Amino acid sequence: MKLKQSISIITMPFGFKSETFCPGADSIWQKCTVSLDKGKLYPHIQKVLQNPDECGSGYIIYSLSEKAADIKNLIIRDMHLITTDNDGQEKVIQFRFGQAEESKKKNERFFSPKLLIHPASKVGMLIISCSLGDCNYTMDDLQMLNYGIHKTYPIGSSENKAIRIKQLNLNRQENSDCNDNEKAKRIKKMQDLMKKIFGNEDAFNMKMFTEELMAEFKGEYERFDPYRLHVFTYLQTSDTDDKASLLNDFQRIIKIQNSNYKVSNCDKASYEQTFENIYVGSATEGGAIMTLISEETENNWFLRDFYKDSLSQVYLWIYFMVQIHKYTLISIEKSLTEYDFSSRNTSESRRKLTDLIANLTKNKVNSNFTFISSHTQHNKFYSLCCRNLDIERLSEGLHQKISYLKEHLNILINEEEVRLAKIENEISKRRENSMIVITVVGAVMALFSIGYDSFGLMDEEHFMLYNTTLTEPWIRNVRVVGVIIAVALLAWGITSIFLRRKK
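Everything in this summary refers to the structure shown in the same document. (Residues numbered from 1 in each chain as written. Predicted model: local features only at pLDDT ≥ 70, side-chain atom pairs only at ≥ 80, totals over all residues. Heavy atoms only, no water.)

1. Overview of the overall build of the protein
Moving on, step 1. Helix and strand content of the protein: 13 helices and 13 strands.
Moving on, step 2. In the protein, which comprises 503 residues, the proportion classed as buried is 44%.
Moving on, step 3. Taking contacts inside the protein between residues at least 6 apart in sequence as the whole, the part at least 24 apart equals 74%.
Moving on, step 4. Summing over all exposed atoms, the protein offers an accessible surface of approximately 27,800 Å²; the carbon and sulfur share of this is 52%. (Helix = DSSP H or I, 4+ residues; strand = E, 2+ residues; numbered from the N terminus. Buried < 20%, exposed > 50% of the residue type's maximum accessible area, 1.4 Å probe, protein only. Contact = heavy atoms within 4.5 Å. Areas by Shrake-Rupley, 256 points an atom, 1.4 Å probe, with all protein chains shown as cover.)

See the structure below:
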């Protein structure tokens, strides 16, 4: 089946290990605004997508800056993907990476390299697009392109498909003895560019390309799947009576499979029809939208410009929103599984657990919607993506885990309250013992003071109760002690009478 249009949107989801990205003056990335059709989605959905608040809700988007001149110079070239066909023979597929369009409009599209970051969840996506060349390509070619370009195995793996600049691939056997000076200069210039970016002048692969685009992060990010990229494909082809074969190919494209995979009839849930000539699909591996052209709709402007308008300004936004939601939940689940139940019950451990619970709650509020638009087809596409990416099951599973963690947090809090109560009780007992000691010591010192003062007051110069020189010591002691006891008893009696009257 011949293709009229196609574009593959390649995404690499990742999570930040620490803080989110903040480009410096020498960064190859700069903030940008991507076009969104504000008449298609509810205002509160638009706010989530394009207006990040102080708490980090909403998306921040970056495009290539002027510092990315080498990469921009690379992606304007026609590329060759070196792959194999069904017979095991080498096959070359010509394609080109998406680049920024020359336009006076302020807003961009998702077709040139982008970084889409959700600061609140510390989740982001690297977005790259590519499309088949101007030749007469088929559905099989599109399947082979997607299948070959989505793998990012470790450097040296045979799973990674080689990508060469078209002119270098065509001339790699004759570069050494090329007689055309101008042609030789162009080839040498491209070889120098390849060597500068990738360290070799022959070929690169998607593993090398994505790492180059993410070089500024310097290990501060972690991919959710280090071996595969996620591909969303838009294709347009002619309507046909052989719908079964067409839809089988469409399912392979949704799941990034080639014709070696036999389609199961059980997989029909991966796609739906929104209109008679528009199919939308979603699966764990990828997604796709297919429009069909007939003789009656050959010049239909809506279908002709579908990928520039509806695809870029609505459907991709919806798809990326669900993807970010999915990987945010996966990121939270990862954090939950890494929680150390054997850690000491400290304020720090309780705070981390509380933050995990709050993060999931906030995500459910800001990302989990029932309807996003007043248009049936957009709600249908959103529901399909949520269902086939198992958003609800993933969310419910995390909600159950969170309930367990809440119980664990309550246990930790109760343990802390018991510990603090014990400490308070010990402090109270120590305080009481200290007061008793202080009271006894004070009483003893008071008795000494009273005795000393009493002997001074009752001599012959004051109350004359005894004579210092003539009265026997034991008589002096008896008289003074007797007076002290009498005064104490009198004070006790007066105090008792006063307290009884007060009652």
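2. What about helix α11 (residues 376–388)?
Moving on, step 1. Under the 1.5 Å per step criterion, the end-to-end length of α11 is 18 Å for 13 residues, consistent within 8% with the ideal 18 Å.
Moving on, step 2. Inspection of α11 places Gln 377, His 378, Asn 379, Phe 381, Tyr 382, Leu 384, Cys 385, Cys 386 and Asn 388 among the buried residues, and these make up the whole buried set.
Moving on, step 3. Once α11 finishes, Asp 390 follows within two positions and takes phi at roughly 55 degrees, a positive value. (Expected span 1.5 Å × (residues − 1).)

3. Digging into unusual backbone geometry
Moving on, step 1. Positive phi outside glycine occurs at Ile 256, with the angle close to 55 degrees.
Moving on, step 2. Residue position: Ile 256 is located in the loop between α7 (243–254) and β11 (271–275).
Moving on, step 3. Residue classification places Ile 256 among the buried residues on the basis of a relative accessible area of 5%.
Moving on, step 4. In this structure, Asp 390 is a non-glycine residue whose phi angle is positive, near 55 degrees.

4. Some details on the pattern of salt bridges
Moving on, step 1. Counted according to the given criterion, the structure contains 16 salt bridges.
Moving on, step 2. Measuring nitrogen to oxygen at the nearest pair gives 3.2 Å for the salt bridge that ties Lys 207 to Glu 211. In this pair, Lys 207 and Glu 211 are both assigned in helix α6 (residues 206–213), four residues apart and thus about one turn of the helix distant. (Salt bridge = Lys/Arg side-chain N within 4 Å of Asp/Glu carboxyl O.)

5. Some thoughts on the pairing of strand β10 (residues 230–238)
Moving on, step 1. Within β10, eight of the nine residues are buried, which leaves it mostly tucked inside the rest of the structure.
Moving on, step 2. Pairing analysis gives eight bridges linking strand β1 (residues 3–16) to β10, with the strands arranged antiparallel. Pairing of Ser 6 across the sheet is with Leu 235, part of β10.
Moving on, step 3. Relative to strand β13 (residues 286–293), β10 runs parallel, the two sharing eight bridges. Across the sheet, the residue bridging to Thr 237 is Leu 292, located in β13. (Pairing = 2+ DSSP bridges.)

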